[in-house]
Amino acid sequence: QKEVEQDPGPLSVPEGAIVSLNCTYSNSAFQYFMWYRQYSRKGPELLMYTYSSGNKEDGRFTAQVDKSSKYISLFIRDSQPSDSATYLCATDNQGGKLIFGQGTELSVKP
Amino acid sequence: DTAVSQTPKYLVTQMGNDKSIKCEQNLGHDTMYWYKQDSKKFLKIMFSYNNKELIINETVPNRFSPKSPDKAHLNLHINSLELGDSAVYFCASSQLSGVVAGELFFGEGSRLTVL
């Protein structure tokens, strides 16, 4: 079993839709959770960073962590074509490295 | 001014050859990494260095040899290339140097194709 599991998609939605991206993780000791966005032919860039359980909002993006079920979510409201990218969830194993999910490829159609 | 820069962006080579990828960061970070992203976009750590010292070696074949001449540079040399080495190799850096990695800043990647 991978330490972080993510549905690779692809996921296609119309512009303006609410997008929900999800990951599960296996180790209950994980405390730091991230979402990275990767545009085609580019490196990943940090989108959201959360510690422990709860919600964090930044504009149209909301990151949610449920430690009881080991579930990480990213919600995108009013999705735009510019949101089309691969979204990677990640957790910090607190051993000096990030462990990434496989990434979900999102396409937002105008 | 690019924060983490890698060269070359593309490499196409034959099996059995040796190749190197160079990485430089101008963020003043102490920790640098090599990650490998396969064709399914799965991103996996290979190595990390903190201030020129190897910290993480993630059971990578010893055909892969990283070198950090100073804390702003981390290079990757690959000997005897195999088909399975085809991937995108990302260099990254982070400000933190303890048990928590923190935010990673990635380069644009070096796309290696082994024929």
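Remember, it's a predicted structure, so these values are computed and weren't measured experimentally.

Asker: Any chance you could explain the layout of surface pockets here in plain terms?
Answerer: A water-sized probe rolled over the atoms picks out the places where empty space is left. Estimates place the volume of the largest pocket at around 330 Å³. Considering the residues around the largest pocket, the lining is formed by 21 residues, among which Arg41 of chain A together with Gln37, Val88, Phe90 and Arg111 of chain B are closest to the centre. Among the elements of the structure, strand S9 (87-94) and strand S11 (110-114) of chain B are those that each provide at least two residues to the lining of the largest pocket. Tallying contributions element by element places S11 of chain B first for the lining of the largest pocket, with 4 residues. Taken together, 15 residues form the lining of the second largest pocket, with Gly43, Pro44 and Glu45 of chain A together with Phe106 and Gly107 of chain B sitting closest to its centre. Counting only elements with at least two residues in the lining of the second largest pocket, the list comes to strand S5 (45-51) of chain A together with strand S10 (105-106) of chain B.

Asker: For this particular structure, what's the right way to read unusual backbone geometry?
Answerer: Glycine aside, negative phi is the norm for most residues, and most peptide bonds take the trans geometry. Look at the link from Gly9 of chain A to Pro10 of chain A: it is a cis peptide, with omega at 10°. By the element assignment, Pro10 of chain A lies in the loop between strand S1 (4-6) and strand S2 (11-14). Residue Pro8 of chain B is bonded to the preceding Thr7 of chain B through a cis peptide linkage, with omega at -5°. In this structure, Pro8 of chain B sits in the loop between strand S1 (4-7) and strand S2 (10-13). Of note, Arg41 of chain A is a non-glycine position whose phi angle comes to about 65°, a positive value.

Asker: I would appreciate a short explanation of the nonpolar core in the present structure.
Answerer: As a rule of thumb, soluble globular proteins bury nonpolar side chains together. Residue and element names in this part refer to chain A. Judged by nonpolar contacts, the single largest core of 24 residues is most densely connected at Trp35, Leu74, Ile76 and Tyr87. Elements that contribute at least two residues to this core include exactly strand S3 (19-25), strand S4 (32-38), S5, strand S7 (61-66), strand S8 (71-76), strand S9 (85-92) and strand S11 (104-109). No other element matches S3, which puts 4 residues into this core.

Conventions we followed
- Residues numbered from 1 in each chain as written.
- Chains lettered and ligands numbered in written order.
- Predicted model: local features only at pLDDT ≥ 70, side-chain atom pairs only at ≥ 80, totals over all residues.
- Heavy atoms only, no water.
- 1 Å grid on protein atoms, 1.4 Å probe; cavity = no way out; pocket = protein on both sides within 12 Å on 5 of 7 lines; lining within 4 Å.
- Points joined across faces, edges and corners; volume = space filled by probe spheres on them.
- Helix = DSSP H or I, 4+ residues; strand = E, 2+ residues; numbered from the N terminus.
- Core = buried A, V, L, I, M, F, W, Y, C linked by side-chain atoms within 4.5 Å.
- Buried < 20%, exposed > 50% of the residue type's maximum accessible area, 1.4 Å probe, protein only.

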